[in-house]
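# Structural features, examined
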Amino acid sequence: MRLPLTALLLATNLAVAADLSVTDARARAVPPTAEISAAFMTLTNNANEDVALVSAQSSVAESVELHTNSMTDGKMKMRRIDQIELPAQQSTKLEPGGLHIMLIGLKKPLKMGETVDLELSFSDGTNETMNIPVEHVMTGMKKGMH
Amino acid sequence: MRNWILFSALGLAVVAGAYLSFELFSPKTPLPRYAQSSIGGDFTLRSVDGEISLSDYLGEVVMVYFGFMSCPDVCPTSMGVMGTAIKQLSPAQQQKVRGLFISVDPQRDTPEELHAYTQYFSDRIFGATGTQPQIDAIIKQYGAYYSFVPMEDSALGYTVDHSARIYLIDPQGNLADVLAHDINPVELHERLAAYL
């Protein structure tokens, strides 16, 4: 009797937790010698359950990690983080100066106009694969300026 | 007797306060003078062209920035801001401006790589680095900050915490302004143009 109920609940959770939308996704174009770049995006969790982005992969980089920047006492500090929490019914922005997906060990230069494949993995076991455009560092920066 | 002293002291304080306010907040002075005299100055480093000194660029406006190439976000942003501000100048003006990206990470960043990195953002941005003691001395000179932080949990191995500022050197070689790394490029352009 319990099993079908659990199965139903599980199925419901999976379907609900995967209700994410990704907007404004872009990777940064970098100089040909650069081995590191970053990807930014807005992740909106439309579900009623919190979920987290736990890892990412791309064919253009040897390692992909989640990082965050924080400015304290005028010092910019970057740290790797295990996950990016995506609270229910909220949008979380990965943007310059803050959270970002770090592409480490680039296998080829990221040039403007190209696309980069990215696979995001979430805490509920779902994945999302996308192709994101490579953009100039100054694109979309105006909002963050002070 | 006491009242007379008190009123004199108050009067003096008011006059002193007024004078200080005028000096500090006068639009002609970008920085309070006490700060201006204590940081900045000449230095020598290595670029792809060999040894360079800040005094080599007297007559130009120089934007000094301390960073490192394995910085995926803040440093490219700063270079992008500087490059965009430079592009808004006329070709003649551009020749009187230069960006100088000083890498605090000589272990990973060579002068040749720095040159390729900075030239990507603008042909008026150049790179330089030195020995760690040389870097430390210049960082101190400019009131900047950096610190190597091991990251055992990252493929990076280590990162560098650093102050993220653009140091504006006037054509006389003096530190004239300290700006946020993500200053609006239009504003940065205006500050550059003011010296040209």
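Moving on to the overall build of chain A. In terms of helices and strands, chain A carries one helix and 10 strands. For chain A, the succession of helices and strands along the chain, N to C, is α-β-β-β-β-β-β-β-β-β-β. Split into buried and exposed, the 146 residues of chain A put 44% on the buried side. Long-range pairs, those at least 24 residues apart, make up 65% of the contacts in chain A with a sequence separation of at least 6.

Further remarks concern the nonpolar core. One finds V64, F66 and L188 of chain B to be the most contacted residues of the largest nonpolar core, which totals 53 residues. A per-element tally of this core places helix α3 (residues 74–87) of chain B first, with seven residues. Discounting chain neighbours no more than four positions away, the residues touching F66 of chain B are I102, V104, I138, I139, Y142, A144, H162, S163 and Y167 of chain B. Counting residues in hydrophobic clusters, the runner-up holds 30 residues, among them L66, L94, I101 and I132 of chain A.

Each partner contributes to the interface: chain A provides 35 residues, whereas chain B provides 36 residues. Counting across the chain A and chain B interface gives two salt bridges. The closest approach of N and O atoms between R28 of chain A and D73 of chain B, which form a salt bridge, is 3.7 Å. At the surface where chain A touches chain B, the tally comes to nine residue pairs in polar contact (both at pLDDT 80 or more). Elements with a contribution of two residues or more to the side of chain A that touches chain B: β2 (36–45), β4 (61–72), β5 (75–81) and β8 (100–106) of chain A. Broken down by element, the side of chain A that touches chain B gets its largest block of residues, six residues, from β5 of chain A. Considering only residue class, the side of chain A that touches chain B consists of 17 nonpolar, 11 polar and seven charged.

All right, on to a nonpolar patch on the surface then. A surface patch of nonpolar side chains, about 340 Å² in accessible area, is lined by L6, F7 and L10 of chain B. We classify F7 of chain B as exposed; its relative accessible area is 59%.

Further remarks concern unusual backbone geometry. Residues and elements named next belong to chain A. Of note in the backbone geometry, D24 takes a positive phi value of approximately 60° without being a glycine. Tracing the chain through its elements places D24 in strand β1 (residues 20–28). Located in the positive-phi region is Q89, a residue other than glycine, with phi close to 60°. Within the secondary structure layout, Q89 lies in the loop between β6 (84–86) and β7 (90–94).

Here the focus is helix α5 (residues 111–121) of chain B. All names here are of chain B. Looking only at α5, the buried set comprises P111, L114, Y117, T118 and F121. Looking straight down α5, one finds its buried side chains confined to an arc of 120°; they lie on one side. The inward-facing, buried residues of α5 contact β1 (44–47), α3, β4 (97–103) and β5 (125–128).

This paragraph deals with the side chain of S122 of chain B. Structurally, the position occupied by S122 of chain B is in the loop between α5 and β5. Contacts of S122 of chain B, omitting those with residues within four sequence positions, involve G83 and I86 of chain B.

Before going further, it helps to examine the confidence of the model for chain A. For chain A, the average pLDDT comes to 86, and 83% of its residues sit at 70 or higher. Residue range residues 9–17 of chain A is modelled with pLDDT below 50. Its contacts to residues more than four positions away, or to other chains, number eight contacts.

Across all of its chains, the model carries three cavities of 30 Å³ or more by this definition. Counted as a void, the largest cavity has a volume near 50 Å³. Taken together, N69, M76, K77 and M78 of chain A together with F68, C71, P72, D73, V74, V160 and H162 of chain B make up the full set of residues lining the largest cavity. No other element matches the three residues that β5 of chain A contributes to the lining of the largest cavity. Looking at the lining of the largest cavity residue by residue, the classes come out as seven nonpolar, two polar and two charged. Here the second largest cavity defines a volume of roughly 40 Å³.

What follows is about the sheet that holds β4 of chain B. Residue and element names in this part refer to chain B. Pairing in this open sheet of five strands is mixed, and the strands run β5-β4-β3-β8-β9 from one edge to the other. Looking at strand neighbours, the two that pair on one side only are β5 and β9 (175–180), the edges of this open sheet. Shown here is a sheet whose adjacent strand axes are inclined to one another by a mean of 25°, direction ignored. Both strand β3 (residues 61–67) and β4 contribute to a ladder of seven bridges, which runs parallel. Note that in β4 the partner of V61 across the bridge is V97. Packed onto the sheet, α5 meets β4 and β5 and runs at close to 160° relative to β5.

Definitions and cut-offs
Residues numbered from 1 in each chain as written. Chains lettered and ligands numbered in written order. Predicted model: local features only at pLDDT ≥ 70, side-chain atom pairs only at ≥ 80, totals over all residues. Heavy atoms only, no water. Helix = DSSP H or I, 4+ residues; strand = E, 2+ residues; numbered from the N terminus. Buried < 20%, exposed > 50% of the residue type's maximum accessible area, 1.4 Å probe, protein only. Contact = heavy atoms within 4.5 Å. Core = buried A, V, L, I, M, F, W, Y, C linked by side-chain atoms within 4.5 Å. Salt bridge = Lys/Arg side-chain N within 4 Å of Asp/Glu carboxyl O. Polar contact = N/O pair within 3.5 Å; in protein donor to acceptor, adjacent residues only side chain to side chain. Nonpolar A, V, L, I, M, F, W, Y, C, P; charged D, E, K, R; others polar. Patch = residues over 30% accessible without salt bridge, like charges linked within 9 Å, V, L, I, M, F, W, Y side chains within 5 Å. Areas by Shrake-Rupley, 256 points an atom, 1.4 Å probe, with all protein chains shown as cover. Arc of directions from axis to C-beta. pLDDT = per-residue confidence, 0-100. 1 Å grid on protein atoms, 1.4 Å probe; cavity = no way out; pocket = protein on both sides within 12 Å on 5 of 7 lines; lining within 4 Å. Points joined across faces, edges and corners; volume = space filled by probe spheres on them. Pairing = 2+ DSSP bridges. Axes fitted to C-alpha atoms, helices over the stretch in contact; angles between N-to-C directions.

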